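Structural features, examined
Here's the letter readout for the chains.
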Amino acid sequence: SESFQRVVITDTGDGVDAETVKACGLLRKCVRLREKWIQQRAQPVEDTVVTEGEVEQQPGSLHPFRRRPAPPYNPLAGGLPGAVGEGVGFAMRDGVFTVTDSGSAETFSYMSLQEFLDDYFEIKAACSDGVAKSFAYKRLQLLAARFHLHTVLNGDRELKAQKSVPHRDFYNVRKVDTHVHHSACMNQKHLLRFIKAKLKRHAHEVVVFRDGRFMTLGEVFKSLRLTAYDLSIDTLDMHANNTFHRFDKFNLKYNPAGQSRLREIFLKTDNLIAGRYIAEVTKEVINDLEVSKYQLVEWRVSIYGRKRTEWDKLARWFYVNRLMHPNVRWLVQIPRLFHVYKRSGELSNFGEMLDNIFAPLFEVTLNPSSNPMLFYFLRTVVGFDSVDDESRPEGYQIHPHAYPPAPEEWDMNINPPYCYWMYYLAANISTLNKLRASRGMSTFSFRPHCGEAGDSSHLASTYLVADEINHGIELKRVPALHYLYYLSQVGIAMSPLSNNKLFLDYNRNPFPKYFAQGLNVSLSTDDPLMLHYTKDPLVEEYSVATSVWKFSAADQCEIARNSVLQSGFEHRWKSHFLGANYHMPG
């Protein structure tokens, strides 16, 4: 607004010194490297999920109270597209799927691992350069100072401008929970009520096969010496207490009352009852979202890569239970647990894991009728995530010009390095996106967990190939990389309450600094089941952040806007939430 006071930094006319020229050259080179890799990703095909018979709203036909009808959303609408012509197929070469035509010529492919590693080490070298670090640090300090000057000069004007907007305030602007795991999407009280209700009314249902026999729900609790009366929040013991720097103990909190069999019954999609209980809880959470109207979520569900049939089971669970809703989109998270499955004999090499993850997706893209339920499920999936404990030391180190073995040859009992995972996931997602875009189907973003703990080099690999990341708190240790994330406006979904329980005290979290410096940050809940106390965990997250860091109403709404921009909601939905020109700068 022209009524805001501006801070202008003038040029002294002394020219630019050699160190600044060098630093800018290094940073520009890094930005170009990211652009090179991100451009490999196919652009999204907009509005692929529609309702049959949709009628576009005509200009001037607004409701008298300025209410706009929400865009239609029905991922099951329309028939299945036909299969591609004969002779078109796919094959994995050096860990990356390529699409081939009848002449065996590659139609869609990706740049090599060697090229990725060369660029990755270029990024690391640039970010380690003293000149670049000093330049980036000063620029970040300047960005924060300018923001604080803006708040001092224009805080009252901002508040006045916000008051002049009718109907809108923090509670009724759209907020997307851009990072939340589906199996922990409810709060603990909600799960407790659900378990008690099932135990009282459906104790006779057969729910699990253990110790060589089928067991009813009542028999399971009897074997645990628990009754519905005994159950409480303290009995479930799922809040993340005493988990600081203990990712293993945090994961055990997914077990109600410390019992893995209860997790299998109530929180798994693949069990004896075909995930019916977790589907019922999910519908209850969806009803809460519908009542709140302005809160939206992107739930993560897991594909482990042990078997090809995992996709079929997950899609069947989604389709049978009809878990699509306008306020919900899905992401698929891939746990980096190759070493676990290799030691157990479930996988023979890393290439087999990649085949299990991506081959079913190429098959259903080429021929949707081969698995209609998976085809419809993928219409609601907006991206891929990659999860695991980053603080665990890597057993294999990659060095410049010493390239690791191909995935088909990776038959060691150790997990591949983080950058190796990032390349092969990004490469296959990119090739899949190109194929899907060519067929007019939806495409996927790549939004891995990164920078929660461990080596800061993880952030260098995701800077090249990830659309957005989750956490990113380790960025504060590397000024040049920190500044690159600002320059490229890489989305970062941060979860301060989660970090507070695992790796970083709340008052040391860099979120307010990132926000003041202009990084593209949003707030997310991560695991409401273990971290939050109310049925509105996202509002709880905003509430704590606002109270501790003294955000204004305008700050809250800007963070909410960032969450919509980072999300995978389709173009028409973002236009509905933010306005037709939401994608324009300024």
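Since we're looking at a predicted model, the values are computed, not measured.

Some details on the packing of helix α15 (residues 457-465) against helix α16 (residues 479-487)
Close contact between α15 and α16 brings their axes to 11 Å; oriented N to C, the two are set at 25°. When the axis of α15 is compared with that of α16, the two are roughly parallel. Like other packed secondary-structure pairs, α15 and α16 cross with a definite hand, here left-handed. Seen from α15, the contacting residues are Leu459, Ala460, Thr462 and Tyr463; seen from α16, they are Leu481, Leu484 and Tyr485. Taken together, the residues of the contact of α15 with α16 sort by class into six nonpolar, one polar and no charged.

Describing unusual backbone geometry
Within the chain, His167 stands out as a residue other than glycine whose phi angle is a positive 75°. Within the element layout of this structure, His167 appears in the loop between α3 (130-163) and β4 (175-181). The backbone phi angle of Gln489 is positive, close to 50°, even though this residue is not glycine. Positionally, Gln489 belongs in the loop between α16 and β13 (491-494). The exposure class of Gln489 is partly exposed, given its relative accessible area of 37%.

Notes on the layout of surface pockets
The calculated volume of the second largest pocket comes to roughly 1400 Å³. Along the walls of the second largest pocket sit 43 residues, with Arg263, Lys268, Ser302, Tyr304 and Pro335 positioned nearest its centre. If you list the elements that add at least two residues to the lining of the second largest pocket, you get α7 (247-252), α8 (260-266), β7 (295-302), α10 (309-321), β8 (328-335), α11 (338-343) and α17 (496-502). Broken down by class, the residue content of the lining of the second largest pocket amounts to 15 nonpolar, eleven polar and 17 charged.

Quick notes on a nonpolar patch on the surface
On the surface, Val7, Ile9, Leu142, Leu149, Val152 and Leu153 cluster together to form a nonpolar patch covering roughly 490 Å² of accessible area. Position of Ile9 among the secondary structure elements: in the segment before α1 (18-38).

Comments concerning helix α12 (residues 350-366)
With 17 residues, α12 extends 24 Å between its outermost C-alpha atoms, agreeing within 8% with the 24 Å of an ideal straight helix rising 1.5 Å per residue. In the structure, α12 departs most strongly from a straight axis at Phe358, where the bend amounts to approximately 35° and where the proline Pro360 lies between one and four residues downstream. Among the 17 residues of α12, 14 are classified as buried, and the element is accordingly described as predominantly covered.

A short note on the packing of α1 against α15
Relative to each other, α1 and α15 sit at 55°, their axes nearing to 6 Å. Classed by the angle they form, the pair α1 and α15 counts as oblique. Together, Cys30, Val31, Leu33, Arg34, Trp37 and Ile38 of α1 and Thr462, Tyr463, Leu464 and Val465 of α15 make up the contact between the two elements. Here the contact of α1 with α15 is built from residues that sort into eight nonpolar, one polar and one charged.

Re the confidence of the model for the chain
The share of residues in the chain with pLDDT of 70 or more is 94%, and the mean pLDDT across the chain is 90. Low pLDDT, under 50, characterises residues 50-62; the stretch is placed with 15 contacts to residues that sit more than four places away or in other chains.

Cut-offs used in this document
- Residues numbered from 1 in each chain as written.
- Predicted model: local features only at pLDDT ≥ 70, side-chain atom pairs only at ≥ 80, totals over all residues.
- Heavy atoms only, no water.
- Axes fitted to C-alpha atoms, helices over the stretch in contact; angles between N-to-C directions.
- Helix = DSSP H or I, 4+ residues; strand = E, 2+ residues; numbered from the N terminus.
- Parallel < 35°, antiparallel > 145°, perpendicular 65-115°, else oblique.
- Left-handed = near helix turned anticlockwise from the far one by under 90°.
- Contact = heavy atoms within 4.5 Å.
- Nonpolar A, V, L, I, M, F, W, Y, C, P; charged D, E, K, R; others polar.
- Buried < 20%, exposed > 50% of the residue type's maximum accessible area, 1.4 Å probe, protein only.
- 1 Å grid on protein atoms, 1.4 Å probe; cavity = no way out; pocket = protein on both sides within 12 Å on 5 of 7 lines; lining within 4 Å.
- Points joined across faces, edges and corners; volume = space filled by probe spheres on them.
- Patch = residues over 30% accessible without salt bridge, like charges linked within 9 Å, V, L, I, M, F, W, Y side chains within 5 Å.
- Areas by Shrake-Rupley, 256 points an atom, 1.4 Å probe, with all protein chains shown as cover.
- Salt bridge = Lys/Arg side-chain N within 4 Å of Asp/Glu carboxyl O.
- Expected span 1.5 Å × (residues − 1).
- Bend = angle between axes of the 7 residues up to and from the residue.
- pLDDT = per-residue confidence, 0-100.

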